[in-house]
Amino acid sequence: DAGVIQSPRHEVTEMGQEVTLRCKPISGHDYLFWYRQTMMRGLELLIYFNNNVPIDDSGMPEDRFSAKMPNASFSTLKIQPSEPRDSAVYFCASSLGRGYNEQFFGPGTRLTVL
Amino acid sequence: AQSVTQLGSHVSVSEGALVLLRCNYSSSVPPYLFWYVQYPNQGLQLLLKYTTGATLVKGINGFEAEFKKSETSFHLTKPSAHMSDAAEYFCAVSGGVTGGGNKLTFGTGTQLKVEL
């Protein structure tokens, strides 16, 4: 298996632009998670899905952030408009079934907003 | 609700020395506990996990951790550090069988430095 795939790996954009991050989970996994990692705030859970349905989006910082999972093999995290404080590494992770199963993380997307 | 406290944001050891990274958790239900490692510019990968049963858990790369319910701890150890162990380590807790689903709560991480 190729693992969790994220694209792009690096994104540099200007303030005010729309940014779309993409994630392909491991085939057969029914949970998908989006995290943000910064030096100041550490690793934060933004949102997670179960069977393509958003379960908990309480970590989404504000309305500029949105996430979708149109099917079991694809998810997007969109920031519109982007701001410099959104600069971070964004991780996608997937897992199977119960809470005792590990989450498999993608390599991350490093976002820089100028 | 669950929470995790990792004591020491930076730990430095000599190569060959014991590695001890501390993790204390808070959970209202019997927890599932995890240790993840993050190498520079990579995602997190699982080192080991505790779900039920034996409280001493062995993981990859010679690491192990012991679940101590009375101390609400899940400290990570390795008898002899190697240069390749230099990374950031995260302790995490999930809600266990009775709640929280697959949602993980992570600690703030401990950066391990290994010196010659």
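Residues numbered from 1 in each chain as written. Chains lettered and ligands numbered in written order. Predicted model: local features only at pLDDT ≥ 70, side-chain atom pairs only at ≥ 80, totals over all residues. Heavy atoms only, no water.

Bringing the confidence of the model for chain B into the picture now. On average, residues of chain B score 91 in pLDDT, and 94% of them are at 70 or above. Within chain B, the lowest mean pLDDT, 89, falls on strand β10 (residues 104-106) of chain B, and the highest, 98, falls on strand β8 (residues 73-78) of chain B. (pLDDT = per-residue confidence, 0-100. Helix = DSSP H or I, 4+ residues; strand = E, 2+ residues; numbered from the N terminus.)

Taken together, the 23 residues of chain A in the interface contact 19 residues of chain B. With both chains or domains summed, chain A and chain B bury close to 1600 Å², and 52% of this area falls on carbon and sulfur atoms. Where chain A touches chain B, the interface holds 1 salt bridge. Salt-bridge contacts for K103 of chain B lead to D56 of chain A; the nearest nitrogen and oxygen are separated by 2.9 Å. Of all elements in the fold, only β4 (31-38), β5 (42-50) and β9 (88-95) of chain A reach the threshold of two or more residues within the side of chain A that touches chain B. Here the side of chain A that touches chain B takes 4 residues from β4 of chain A, the largest share from any one element. For the side of chain A that touches chain B, the residue count by class is 11 nonpolar, 7 polar and 5 charged. (Contact = heavy atoms within 4.5 Å. Buried area = accessible area lost by both parts, 1.4 Å probe. Salt bridge = Lys/Arg side-chain N within 4 Å of Asp/Glu carboxyl O. Nonpolar A, V, L, I, M, F, W, Y, C, P; charged D, E, K, R; others polar.)

For the rest of this paragraph, the subject is the sheet that holds strand β7 (residues 65-71) of chain A. Residue and element names in this part refer to chain A. Ordered in space as β1-β3-β8-β7, the 4 strands form an open sheet in which the pairing is antiparallel. Strands with a single pairing partner mark the edges of an open sheet, and in this sheet they are β1 (5-7) and β7. With strand direction ignored, the average angle separating the axes of adjacent strands in the sheet is 15°. Bridge analysis of β7 against strand β8 (residues 74-79) gives 5 bridges, and the strand direction is antiparallel. Bridge assignment links K68 to a residue of β8, and that residue is T76. (Pairing = 2+ DSSP bridges. Axes fitted to C-alpha atoms, helices over the stretch in contact; angles between N-to-C directions.)

With the rule as written, the count across this model stands at 2 disulfides over all chains. Each sulfur of the disulfide joining C23 of chain A and C92 of chain A lies 1.9 Å from the other. An S-S torsion of about -65° defines the bridge between C23 of chain A and C92 of chain A as left-handed. Of this pair, C23 of chain A sits in strand β3 (residues 19-24) while C92 of chain A sits in strand β9, and the two are 69 residues apart along the sequence. Across the disulfide, C23 of chain B is cross-linked to C91 of chain B (sulfur-sulfur distance 2.0 Å). Residues C23 of chain B and C91 of chain B are joined by a disulfide whose S-S torsion is about -65°; by sign, that bridge is left-handed. (Disulfide = S-S within 2.5 Å.)

Residues and elements named next belong to chain A. On inspection of all chains with the given rule, the structure shows 12 salt bridges over all chains. The salt bridge involving R85 is made with E62; its shortest N-O contact spans 3.3 Å. In this pair, R85 is assigned in the loop between β8 and β9 and E62 in the loop between β6 (53-56) and β7, connecting sequence segments 23 residues apart. Here E62 falls in the partly exposed class, since its relative accessible area comes to 27%. D86 is the partner of R64 in a salt bridge, and the nearest nitrogen-oxygen pair spans 2.7 Å. You can see R64 sitting in the loop between β6 and β7 and its partner D86 sitting in the loop between β8 and β9, a full 22 residues away along the chain. In this pair, the class of R64 matches that of D86, namely buried. One salt-bridge network, in which partners are shared between bridges, spans E62, R64, E83, R85 and D86. (Buried < 20%, exposed > 50% of the residue type's maximum accessible area, 1.4 Å probe, protein only.)

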